[in-house]
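# Chain and residue survey
Here are the chains, one letter per residue:
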Amino acid sequence: MKILCIGGGPAGLYFALLMKKQDPSHVIRVVERNRPHDTFGWGVVFSDQTLGNLVQADEPTARTILQAFNHWDDIDVHFKGTTVTSSGHGFCGIGRRRLLDILQDRCRALGVELVFETDIGDDQEAARAFGADLVIACDGLNSRIRTRYESSYRPDIDTRRCRFVWLGTKKLFSAFTFAFERTEHGWFQAHAYQYDGDTSTFIVETPEDVWRAAGLETMSQEEGIAFCERLFARHLDGQRLLSNAGHLRGSAIWIRFPRIICGSWVHWLDLDGRRLPVVLMGDAAHTAHFSIGSGTKLAFEDAIELARVLGAHGGRASEAALADYQRSRSVEVLRIQSSARNSMEWFENVERYTALEPEQFAYSMLTRSQRISHENLRLRDRSYVERYEGWLAQRAFAQAALGAPPALVRSLPPMLTPFRVRGATLKNRVVVSPMAQYSAVDGTPGDYHLVHLGARAMGGAGLVVGEMTCVSADARITPHCPGLYAPEHTAAWKRIVGFVHANSDAKIAVQLGHAGAKGSTRAAWDGIDMPLESGNWPLVSASPQQYVDGVSQRSRGATHEDMERIEADFVRATRAAAEAGFDWLELHCAHGYLLSSFISPLTNHRRDAYGGSLEKRCRFPLEVFAAVRAAWPADRPISVRISAHDWVRGGTTPDDAVAIARLFKSAGADMIDVSSGQVSKAEEPVYGRMFQTPFADRVRNEAGIATIAVGAISEADHVNSIIAAGRADLCAIARPHLANPAWTLTEAARIGFGDIDWPRQYRAAKLQLERNLQRERDMAAASAGLTPQQIAARLLEG
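Report follows, based on the coordinates.

## Brief notes about the pattern of salt bridges
- What the rule picks out here adds up to 51 salt bridges.
- In this structure, Glu 319 engages Arg 275 in a salt bridge whose closest nitrogen and oxygen atoms are separated by 2.5 Å. Linking Glu 319 in helix α12 (residues 319-348) with Arg 275 in strand β17 (residues 274-280), this pair joins segments that are 44 residues apart in sequence.
- The partner of Asp 562 in a salt bridge is Arg 556, with the nearest N and O atoms 2.5 Å apart.
- Residue class for Asp 562 comes out buried when judged on its relative accessible area of 9%.
- Take Arg 556: its relative accessible area is 39%, and that puts it in the partly exposed class.
- Residues joined in a network through salt bridges with shared partners are Arg 163, Glu 208, Arg 212, Glu 217 and Arg 256.

Below is the structure:
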């Protein structure tokens, strides 16, 4: 083939040398608009794993790169005057100019034609003149080729909210360093690492509003660099910050990161009667935030995979070959971009985490991308994780008013640490999430519910939450849902609660709710969200609504009289729950049910005092909450479940969720159970492991209220990572508990904690301590008035 690479960065050069190595008969030209040694970056970073991929693809290049690398294992986090170090991370840094030199030399040695100082204005003319069979568009994140054929590539470019500047310094950092400094305007952070014998990269980043408030927008380049030198002086040890972007004036060196995702990476040109593929590669196709150091990694791995696929297809750029390339490569790119997005958003919102103590702040930063989990971090640096677990456990026992934990629990994993809310102390952080079972008879729970909830309480969870329990017969989702609106309901629940208390250390919670427009439907297995074939009851919601267009029964808007009755129903059910002995109450304000229908703008179109602004939409749920709180014993906690995201344009957003949480916190809520969706059938949720945890994180760390994370949390490693990072205080596990009632015991054993009964161990240790203290008191009393010699004689006598 004749291959034309437009752009002489790592992607184009590496692809060119791999293809030339694969088949020397290929004629390959790389065209770069800059001079051979021009570069406007400093150092680039690879993980040890990426280096392994390079060795397999082209050992001579990898060997030369390895000889030029600066390698380190440690990450240092500097925050509030404290440095936290974690090891075992395995990174390498190399100067961008040195990397380009190595790639250019290898290309020349293999016979690749390199053309510099040539700006291709028309890719079609360049392809025609060269007689190209394949064009690689690796012309960077501002790709003109991507723009020209955007209807084929379908780029989604999201320019992010932070400003950053890429600088260098002669200060040598022995670890990958993250430094955080506060100013009167907000927080700045530096990302720094050594990449050769005498130079380090030093990136300074801050949100745009902080950048403007600090006056950097109007400063010259020199003034802006001097500002950064003063701000990070204690980390620079007197060394200057350096710029290699002299061609830019003023604040133009401060840029915003563009997150680029393309729907397709291939455009087919009709050129002189033949079809010519133009393939995006590297930053032209996708970007990954610099905070996980994967931009160059993605470029190299793009080149490796495309070369492999073309070789497998006989060295031809056929439609089948390029389809295979995009199919195989896009999954890995999406995975890296998802991690990079998590990391990027963490750094965009550093302010959110600054209330954390340095130990937890550092852990949160280390695990921000969700690529590094608790157990993965343990593999990298066991001593660091064990120290951190001990620190976290001691704080957890103190928070639970249990005093300092005995030695046997100093390294409990975060999942197994206690948590106290009002008068309820949970033995661990695992919650059995409420799950509709559709097995009640006329609202009465029976033996099924006793076995279902009792088994999961005995299975090790700290808190078991019953399914949504309805406050009236017309508040039910289905005729098979449990309630708390009749004396027989209270008696049945009392039996179940009594079993849980008698046979486990678990606490048990009731979740009170009203189905609203989603009521009067069949059991899920008979047709989810389908109305009853007969015997339907009237529905009410915030505004007239039909949950499933053309299918569901239409609800009417609640009148003030309806709202008074419904509030009274909630109060009656609350008193019944207290009588039944529940330890905890959760108010269901999520998933499109009645109280949720008031909160979401998708379902609340009222024009009275209960519609309009978010505060007005929350008014009725807050009135119900206040009435419930007044009726519920003061020493027992109340959590509120909310939908933090409707996943529909115009619906509730994560920003709204923080405001909603603040309102409930002010009303006296103890925790927010942070779910999402199920408000509209038009929703388009983005699923993935722990996909709702970022919402719990935001609510906890911005609204300042404890949270329960829920959604695709399926293993102990997930729970440990969430709790340890301060993203939530409890984790609700649903489907895994359906498959295994003893999920908590099983997962604890899997991570090496076969005996998780710390309450029994704690009580035994406390009893022994009390015995020792009593023995000391007895000895003191027996020795009163005796001389030291007499005391010694008595001790010898026993």
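## Comments concerning the sheet that holds strand β16 (residues 266-271)
- The strand order across the open sheet built from 6 strands is β8-β2-β1-β9-β17-β16, with neighbouring strands paired in mixed fashion. For this open sheet the edge positions go to β8 (113-115) and β16, each flanked by a neighbour on one side alone. Neighbour-to-neighbour, the strand axes of this sheet turn through a mean angle of 20°, independent of strand direction.
- Sheet analysis places strand β9 (residues 134-137) next to β17, joined by 3 bridges and oriented parallel. Considered in β17, the bridge of Ile 136 is made with Val 279.

## A closer look at the side chain of Gln 360
- Along the chain, Gln 360 turns up in helix α14 (residues 358-366).
- Discounting residues that sit within four places of it in the chain, Gln 360 has contacts with Tyr 388, Trp 391, Leu 392, Ile 723, Ala 724, Ala 725 and Gly 726.

## Quick word on helix α1 (residues 10-22)
- Taking 1.5 Å as the rise per residue, α1 with 13 residues should run 18 Å; its terminal C-alpha atoms sit 18 Å apart, in good agreement.
- The buried fraction of α1 amounts to 11 of the 13 residues, a majority that puts the element mostly inside the structure.
- Those residues of α1 lying buried are Pro 10, Ala 11, Gly 12, Leu 13, Tyr 14, Phe 15, Ala 16, Leu 17, Leu 18, Met 19 and Lys 20.

## Re the packing of aromatic side chains
- In this structure the tally under the stated criterion is 38 aromatic pairs.
- Where Phe 79 meets Phe 180, the ring centres are 6.4 Å apart and the plane angle is 90°; that geometry is what we call edge-to-face. Separated by 101 residues along the polypeptide, Phe 79 in strand β5 (residues 75-79) and Phe 180 in strand β11 (residues 176-182) bring together distant segments of the chain. Side by side, Phe 79 and Phe 180 carry an identical accessibility label, which is buried.
- On the basis of an interplanar angle of 85° and a centroid distance of 5.7 Å, the ring pair of Tyr 438 and Trp 525 is categorised as edge-to-face. Here the residue Tyr 438 occupies a position in the loop between β20 (430-432) and α17 (447-458), and Trp 525 occupies one in the loop between β22 (507-513) and β23 (540-541), the gap between them amounting to 87 residues.
- The class of Trp 525 is exposed, set by a relative accessible area of 59%.

What counts and what doesn't
Residues numbered from 1 in each chain as written. Predicted model: local features only at pLDDT ≥ 70, side-chain atom pairs only at ≥ 80, totals over all residues. Heavy atoms only, no water. Salt bridge = Lys/Arg side-chain N within 4 Å of Asp/Glu carboxyl O. Helix = DSSP H or I, 4+ residues; strand = E, 2+ residues; numbered from the N terminus. Buried < 20%, exposed > 50% of the residue type's maximum accessible area, 1.4 Å probe, protein only. Pairing = 2+ DSSP bridges. Axes fitted to C-alpha atoms, helices over the stretch in contact; angles between N-to-C directions. Contact = heavy atoms within 4.5 Å. Expected span 1.5 Å × (residues − 1). Phe/Tyr/Trp six-rings, centres within 6.5 Å; stacked < 30°, edge-to-face > 60°.

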